[in-house]
Amino acid sequence: MTAPAPRVVNALSVDVEDWFQVENYGAVIARERWDGLEARVAASTGRLLDLFAACGVQATFFTLGWVAGRNPALIRRIVAEGHELASHGHRHERVAAIGPERFAADLRDARHVLEDIGGVAVTGYRAPTFSIGPRSTPWAHDILAETGHRYSSSIFPGRHEGAGAPDLPLTPFRPSASGVPEIPMTALRPAVLRGRAIPVSGGGWFRMMPYAAFARLLRAVNAAERRRGVFYVHPWEVDPGQPRPAGVPALKRFKHGVGLASTEARLGRLLHDFAWDRMDRVFAAEIAASDKAPAAAPPGLAAAA
Ligand SMILES: [Zn+2]
């Protein structure tokens, strides 16, 4: 009998933002109101930290600079407990919408406040709402390199809220000559679906699907393809008591609210059933390779490995 193959270690990530900063509420909650709303991110992120500690798991926290500046104790706890502190930008604006100059400023603002409070180098980045892509923001990875970032995990390789990229690689790749690797969200793209992707990475899908079905998909990624998964969760997804603003269209309300009461328990099962670690450790080889990237990578889709 042959020994079982070692478990594939997946990357666990948290997008640290408050309940009112989500794209689904963008039309009903103006950015100018954020400071007047009930802040719940410290408590809900604390629940995730408690859960990770109980499971002995370390994760990457892609944190909004806006949140960090208002919650320094939370940032220090994330670092003290051995997690990777990374950037979710500063103001949670869609990257394609703000353009290259404001994107660079947003990255610098977030990195400055995160590094100042956390006392560690911040080199990982996740775009708000997976809003970067080789076609919509071909300048994004060069700007990430210029602002000191070493990897991005910002692309959903399927359709997502008008973004995403159905034909992009499912594994890490270098979108630009800068060499900064893009580590996409996990998806399966079975031939039978003719290019359409099944997300296996978190969000509403994770909250909506029966747990066993989700676990089977992630097992297929890990076992059949020996591919590492990237999972993400938001603090507000383990906060069923959060306010529900009026005027949100039914579909957006559903996407935000489905399954909130059971997410923490499901996440506990997921942490138990699979192996997890920080992004920078799971993808250390790809990130290190980016530091000695060739000056001119082939356009588009050079493999990072
Ligand atoms: Zn976000």
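In this text the structure is predicted, and so the values were computed from the model without any measurement.

Some thoughts on the packing of aromatic side chains
The description of two aromatic rings rests on the distance between their centres and on the angle between their planes.
Item 1. Following the criterion strictly, the structure yields 15 aromatic pairs and no others.
Item 2. For the pair W19 and F20, a centre-to-centre distance of 5.3 Å together with 85° between the ring planes defines the contact as edge-to-face. By the burial criterion, W19 is buried, and F20 matches it.
Item 3. Each ring, one from F206 and one from F214, has its centre 4.9 Å from the other, and the planes form 75°; the classification is edge-to-face. Each member of the pair, F206 as well as F214, is classed as buried.
Item 4. Above the plane of the ring of W66 lies R70, whose end atom (NZ or CZ) is 3.8 Å from the centre.
Item 5. Across the ring face of F206, the terminal group of R266 is positioned such that the distance to the ring centre comes to 5.8 Å.

What about the nonpolar core?
Item 1. Counting residues in hydrophobic clusters, the biggest one holds 53 residues, and the most contacted among them are L12, F52, F61, F231, L267, L270 and W276.
Item 2. Broken down by secondary-structure element, the contributors of at least two residues to this core are β1 (9-16), α1 (41-55), α2 (65-70), α3 (72-80), α4 (95-118), α7 (211-225), β9 (230-233) and α9 (263-273).
Item 3. At 7 residues, α7 tops the list of elements feeding residues into this core.
Item 4. Not counting the four nearest positions on each side in its chain, W276 is found in contact with V9, N10, A11, L12, V57, L218, F231, L270 and L271.

Rules of the game
- Residues numbered from 1 in each chain as written.
- Predicted model: local features only at pLDDT ≥ 70, side-chain atom pairs only at ≥ 80, totals over all residues.
- Heavy atoms only, no water.
- Phe/Tyr/Trp six-rings, centres within 6.5 Å; stacked < 30°, edge-to-face > 60°.
- Buried < 20%, exposed > 50% of the residue type's maximum accessible area, 1.4 Å probe, protein only.
- Lys NZ or Arg CZ within 6 Å of the ring centre and 35° of its normal.
- Core = buried A, V, L, I, M, F, W, Y, C linked by side-chain atoms within 4.5 Å.
- Helix = DSSP H or I, 4+ residues; strand = E, 2+ residues; numbered from the N terminus.
- Contact = heavy atoms within 4.5 Å.

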